[in-house]
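Tertiary structure, described
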Amino acid sequence: MRFTLAGYAHLARMIDKCRAMLNGTEGEYIYPCPMDERLMEFAGITSEQFTAAVKANPTDEGVSAWFRQVAKLHQPDELEEWNRKLLLRGPSSPESAEKFRQYRDAIDPSRTDLTAWADLQDLEEGRFVPRREPAS
């Protein structure tokens, strides 16, 4: 999740999810999910455009090159701030918080320190997520 492609956090994961959807192998993946939609909105593209680009480009490099060409231009500090906010974003409603808690508890109920969707996704996919100090 923290890996960047073309400077964007989540882009590589979104490509993988789109390919899985196109191949009918998405399993529990959801494409486009709210994180996908946030990235596409920030870039100024639609899910239809992105899906067509993934369909037309068999490699991450091809999709990345397309993305760099069509994405709305952002200053490096603006992109860095957007990436930071995306990676720190947590549930935004009581319903979302309950869904987050259910997902977290199914993966590792001891990780009550997690508050961001990106951390939860990393944990689910077997990547190391450092323990966070509780907010005071």
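Residues numbered from 1 in each chain as written. Predicted model: local features only at pLDDT ≥ 70, side-chain atom pairs only at ≥ 80, totals over all residues. Heavy atoms only, no water.

In the contact formed by helix α1 (residues 11-23) and helix α3 (residues 47-56), the axes pass within 10 Å of each other and the chain directions differ by 75 degrees. Regarding the angle of α1 to α3, the classification is roughly perpendicular. For the pair α1 and α3, the contacting residues are L11, M14, I15, C18, R19, M21 and L22 in the first and F50, T51, V54 and K55 in the second. Taken together, the residues of the contact of α1 with α3 break down into 8 nonpolar, 1 polar and 2 charged. (Axes fitted to C-alpha atoms, helices over the stretch in contact; angles between N-to-C directions. Helix = DSSP H or I, 4+ residues; strand = E, 2+ residues; numbered from the N terminus. Parallel < 35°, antiparallel > 145°, perpendicular 65-115°, else oblique. Contact = heavy atoms within 4.5 Å. Nonpolar A, V, L, I, M, F, W, Y, C, P; charged D, E, K, R; others polar.)

Quick look at the packing of helix α2 (residues 34-43) against helix α5 (residues 76-88) now. Running from amino to carboxyl end, α2 crosses α5 at an angle of 170 degrees, the nearest separation of the two axes being 12 Å. Comparing their axes, α5 and α2 come out roughly antiparallel. Residues M35, R38, L39 and F42 of α2 form the contact with α5, whose participating residues are E78, L79, W82 and L86. Along the lines of polarity and charge, the residues of the contact of α2 with α5 split into 6 nonpolar, no polar and 2 charged.

Next up on the list: helix α6 (residues 94-107). With 14 residues, α6 ought to run about 20 Å at 1.5 Å a step, and its terminal C-alpha atoms sit 20 Å apart, in line with that. Within the sequence span of α6, burial applies to S96, F100 and R104. The buried residues of α6 occupy an angular sector of 70 degrees when projected down its axis, which confines them to one face. Within α6, the exposed residues directed more than 90 degrees away from the buried face are P94, E95 and A106. For α6, the elements touching its buried residues are α7 (117-124). (Expected span 1.5 Å × (residues − 1). Buried < 20%, exposed > 50% of the residue type's maximum accessible area, 1.4 Å probe, protein only. Arc of directions from axis to C-beta.)

A few words now on the confidence of the model for the protein chain. The pLDDT averaged across the protein chain works out to 92; a share of 97% of its residues lies at or above 70. Model confidence for the protein chain, summarised as mean pLDDT per element, is weakest for strand β1 (residues 4-5) at 90 and strongest for α3 at 97. (pLDDT = per-residue confidence, 0-100.)

Structurally, T51 can be placed in helix α3. Judged by relative accessible area, T51 falls into the buried class, the value being 15%. Separated by 2.8 Å, the side chains of T51 and Y31 make a polar contact. Non-local contacts of T51, meaning those with residues more than four positions away in its chain, are made with C18, M21, L22 and Y31. (Polar contact = N/O pair within 3.5 Å; in protein donor to acceptor, adjacent residues only side chain to side chain.)

In the segment running from Y31 into P32, the intervening peptide bond is cis, with an omega of -5 degrees. With respect to the helices, strands and loops of the structure, P32 is situated in the loop between α1 and α2. We note that A6 has phi near 55 degrees; this positive angle belongs to a residue other than glycine. Looking at where A6 falls in the secondary structure, it is placed in the loop between β1 and β2 (8-9). Exposure remark for A6: the relative accessible area of 23% places this residue in the partly exposed category. One non-glycine residue, H10, lies in the positive phi region at around 85 degrees. Here H10 shows up in the loop between β2 and α1.

Another point: the packing of aromatic side chains. How two aromatic rings sit relative to each other is given by the distance of their centres and the angle of their planes. Summed over the entire model, instances satisfying the criterion amount to 9 aromatic pairs. Look at F42 and W82: their rings are 4.8 Å apart centre to centre, the planes differ by 10 degrees, and that puts the pair in the stacked class. Here F42 is found in helix α2, whereas its partner W82 is found in helix α5, with 40 residues between them in sequence. The buried category is assigned to F42, whose relative accessible area is 13%. Taking the relative accessible area as the measure of exposure, W82 reaches 14% and is therefore buried. (Phe/Tyr/Trp six-rings, centres within 6.5 Å; stacked < 30°, edge-to-face > 60°.)

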